[in-house]
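The lines below spell out each chain.
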Amino acid sequence: MPRWDESLRCEEALALLEPLIDGELSAAEEARLRAHLERCPACAAEWKLAADIRSELRALPELDCPPAVLERVFREAAHSSVVPLARPRRTNDGAGSSRRPFWAALAAAVLVALLAAGLLVQQLSRPRPPSAAEVERATAEARFALAYVGEVSRRAGLDLRDDVLRKHLVLPAARGLSQSLQQSLGPEAQAPAVPGAVPGKGRS
Amino acid sequence: MGFEADVARHQRRVFSFAHYFLDNREEAEDVTQEVLLRFWRHGSGLDPDGVGAWLLRVTRNACYDQLRRRRSAAVNLPTAGFDVEEAAESVAAPEPGPESQAVAADFRRRLQEALGRLPDPYRSVLILREIQDLSYQEISDLLELPLNTVRVHIHRGRQRLREELREDYGDAAVG
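This structure is a prediction, so every number in the text was calculated from the model and none was measured.

This part takes up the overall build of chain A. Scanning chain A from N- to C-terminus turns up eight helices and zero strands. When its helices and strands are written in sequence order, chain A yields α-α-α-α-α-α-α-α. Looking at chain A residue by residue over its 204 residues, the buried ones come to 39%.

The next thing to look at is the interface of chain A and chain B. The partner chain B presents 54 residues to the 40 residues of chain A that form the contact. Carbon and sulfur atoms make up 52% of the area that chain A and chain B hide from each other, which totals about 4,600 Å². Linking chain A with chain B are 13 salt bridges, by the criterion used here. Residues Arg129(B) and Asp22(A) are paired through a salt bridge, measuring 3.1 Å at the closest nitrogen-oxygen approach. Summed over the shared surface of chain A and chain B, the result is 22 residue pairs in polar contact (both at pLDDT 80 or more). If you list the elements that add at least two residues to the side of chain A that touches chain B, you get α2 (17-21), α4 (41-59) and α5 (67-79) of chain A. Top element by residues in the side of chain A that touches chain B is α4(A). It accounts for eleven residues. When its residues are assigned to classes, the side of chain A that touches chain B shows 21 nonpolar, three polar and 16 charged.

Before going further, it helps to spend a moment on the packing of aromatic side chains. Residue and element names in this part refer to chain B. Under the criterion given, the structure shown has six aromatic pairs over all chains. On the numbers, 5.9 Å between centres and 35° between planes, the contact of Phe3 with Phe39 is tilted. In this pair, Phe3 sits in helix α1 (residues 3-22) while Phe39 sits in helix α2 (residues 25-42), placing the two residues 36 residues apart along the sequence. Accessibility assignment for this pair places Phe3 and Phe39 in one class, buried.

As a further point, take the confidence of the model for chain B. Residue and element names in this part refer to chain B. Across chain B, the average pLDDT comes to 81, with 78% of residues at 70 or higher. When mean pLDDT is compared element by element in chain B, helix α6 (residues 122-131) scores highest at 94, while helix α4 (residues 84-92) scores lowest at 42. Counting contacts from residues 77-95, a segment whose pLDDT is below 50, to residues more than four positions away or on other chains yields ten contacts. Interface confidence in the predicted complex, given as ipTM, is 0.76; pTM for the same model is 0.58.

Quick notes on the rules
- Residues numbered from 1 in each chain as written.
- Chains lettered and ligands numbered in written order.
- Predicted model: local features only at pLDDT ≥ 70, side-chain atom pairs only at ≥ 80, totals over all residues.
- Heavy atoms only, no water.
- Helix = DSSP H or I, 4+ residues; strand = E, 2+ residues; numbered from the N terminus.
- Buried < 20%, exposed > 50% of the residue type's maximum accessible area, 1.4 Å probe, protein only.
- Contact = heavy atoms within 4.5 Å.
- Buried area = accessible area lost by both parts, 1.4 Å probe.
- Salt bridge = Lys/Arg side-chain N within 4 Å of Asp/Glu carboxyl O.
- Polar contact = N/O pair within 3.5 Å; in protein donor to acceptor, adjacent residues only side chain to side chain.
- Nonpolar A, V, L, I, M, F, W, Y, C, P; charged D, E, K, R; others polar.
- Phe/Tyr/Trp six-rings, centres within 6.5 Å; stacked < 30°, edge-to-face > 60°.
- pLDDT = per-residue confidence, 0-100.

Written out as structure tokens, the structure is:
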């Protein structure tokens, strides 16, 4: 056995246990440490404990979230009054665009207003009052219109601010649509989760 | 990538961290739900490459909040506390079988209990390093800590686990 193996003290050996665990020792360092562990029962016991802890922790599995929890998440997200911001567009310098052209918001406004008005006219022109399911579907379609506008504008490189759309365009349109339809339904109708029309179900 | 795809990609990491950090499945489910809904509300403004780190940071903070709620409930409702030993027995009781399996299962159970008692940041860094297999650099980026600090935390966390488990280890040595 080389002379320098015998010069490794216990403190030095213990300090090398973790680099050994993490596989960070050179072959020479590892050989020197293992030589010490063969001679020193106390350090060997510490090494055994450390290695067992490491292997047991490594054996613990990553766990799948129960499907029921994910279903609740998707359900709440679908009924949430909050529409997520569009993801920032990637640019070469890694920064998303922060300028939101006014004309883009205006175009979105016109589109959303037309969609909402079309739905409203379609519902109100019916000979019978719409059902609660139809009201919910209409509001869902209005919400989808918002998401669609956001996605289209994102693909076109136009980052529209969600709060601008929501505050000035979609909420008034959706609120008007919902109120009109609920008037048609009568007081017994249950209002669906229209953004801004009823308290949202999402957690704060 | 859409919300559902992001959730599918990251749900295991979020739920596993919460589960091992809190050592409680129901609380981990609540935390996961809360985190994913927070991701729905705010996460789509993130750089796609940063989603995983953002989720784990939010999960860790949500776990802290959950621990605070747990402590608060324990203070307000003393009878609501549960027997950790009994709970651990019911969850991780070893299957009948060879003695070595029972000994290994007992060691595993005591290890998980010790991990659950470990103060943070040691608990977080060990979960991230040993269970979730993140590199030192990834943990450094995730927790926004200097690399050397992460090394020290992991070193001290491992030391504390050894101190907790050293007693009677000879009887329960694995393998």
